[in-house]
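Structural features, examined
Okay, here's what each chain looks like letter by letter:
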Amino acid sequence: MNEPPPSAFETGRAFVRDTTSRQWELEIKEVLDGRTPITRHEPVSPERELASDEQSPTVIAQNAANTKAAVAARYMVAHEQGRCSDFGDAQNPSIPQAVRNAQDSADTLRASDGRSYSRLANGQWLREGVVYNSQANRNLSDELEITWQSRTPVLRTWAGWPNR
């Protein structure tokens, strides 16, 4: 089964897993009449499903390696190896605020929907909203949990990283 060609009104497409069937689908987002957004799902070939299954671990590893916490942990390794702490004090710390913030929010990840979710002690993923908070749906929750689990052991191996 071939992918349908892009339409004139298409704004994006991505291969996603159906939250119920767990099968891969091609998600196509379009804007009709210049203002009405719609999303449709097309089935994918067995070959494309296999390719998506093979790509998933790589994408998860890349996502995990590039979280704010992972980048901050790499910074801390360079910071310690370069003895940068020799140049800071209480009034002017040698660790940038962005790195300290990333350490404090190590249990917050950005999902594929572009929103940030925080992991609660019970393992649920919650997005803070203006009016109310919302829980990540099953697909996003699985994505976030796999990314969180794959980056956590790496963070623990870096010196100076809080044990989470």
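Everything numeric in this text was worked out from a predicted model, so none of it was measured. (Residues numbered from 1 in each chain as written. Predicted model: local features only at pLDDT ≥ 70, side-chain atom pairs only at ≥ 80, totals over all residues. Heavy atoms only, no water.)

Digging into the packing of aromatic side chains
Using the criterion set out here, one finds zero aromatic pairs in the structure. Its end group placed over the ring of Trp148, Arg119 keeps NZ or CZ at 3.7 Å from the ring centre. (Phe/Tyr/Trp six-rings, centres within 6.5 Å; stacked < 30°, edge-to-face > 60°. Lys NZ or Arg CZ within 6 Å of the ring centre and 35° of its normal.)

Looking at the pattern of salt bridges
Taken as a whole and judged by the stated rule, the model has six salt bridges. When the shortest N-O distance is used, the salt bridge between Glu10 and Arg13 registers 2.7 Å. Between Arg40 and Glu30 there is a salt bridge, and its shortest N-O distance comes to 3.3 Å. With Arg40 in strand S3 (residues 36–43) and Glu30 in strand S2 (residues 24–32), the pair connects residues that are 10 residues apart, well separated along the chain. A residue is classified by how much of its surface remains accessible, and Glu30, at 9% relative accessible area, is buried. (Salt bridge = Lys/Arg side-chain N within 4 Å of Asp/Glu carboxyl O. Helix = DSSP H or I, 4+ residues; strand = E, 2+ residues; numbered from the N terminus. Buried < 20%, exposed > 50% of the residue type's maximum accessible area, 1.4 Å probe, protein only.)

Examining helix H3 (residues 97–104)
Those residues of H3 that sit buried are Val99, Ala102 and Gln103. Looking straight down H3, one finds that the buried residues subtend no more than 100° of arc, so they occupy a single side. Counted as exposed and oriented over 90 degrees from the buried face of H3: Ala98 and Asp104. (Arc of directions from axis to C-beta.)

Observations concerning the sheet that holds strand S5 (residues 116–119)
The four strands lie next to each other as S4-S5-S6-S7, forming an open sheet whose pairing is antiparallel. Edge positions in the sheet fall to strand S4 (108–110) and strand S7 (134–135), since each of these pairs with one other strand and no more. (Pairing = 2+ DSSP bridges.)

Notes on the pairing of S5
Pairing analysis gives three bridges linking S4 to S5, with the strands arranged antiparallel. Considered in S5, the bridge of Thr108 is made with Ser118. As paired elements, S5 and strand S6 (residues 125–127) share two bridges and run antiparallel to each other. From the neighbouring strand, Arg119 faces S6, where its bridge partner is Trp125.

Digging into the side chain of Glu30
Side-chain polar atoms of Glu30 contact the side chain of Ser7, separated by 2.8 Å. Separated by 3.3 Å, the side chains of Glu30 and Arg40 make a polar contact. Ignoring sequence-local partners within four residues, the contact set of Glu30 consists of Ser7, Phe9, Glu10, Thr11, Thr36, Pro37, Ile38 and Arg40. (Polar contact = N/O pair within 3.5 Å; in protein donor to acceptor, adjacent residues only side chain to side chain. Contact = heavy atoms within 4.5 Å.)

Some thoughts on unusual backbone geometry
Within the chain, Arg22 stands out as a residue other than glycine whose phi angle is a positive 65°. Residue Arg22 is classed as partly exposed on the basis of its relative accessible area, which comes to 26%.

Things to note about helix H2 (residues 68–81)
An ideal rise of 1.5 Å per residue puts 20 Å on 14 residues; H2 measures up with 20 Å between its terminal C-alpha atoms. Within H2 the residues assigned to the buried category are Ala69, Ala70, Ala72, Ala73, Met76 and His79. Once H2 ends, the next one or two residues include Arg83, with phi positive near 55°. (Expected span 1.5 Å × (residues − 1).)

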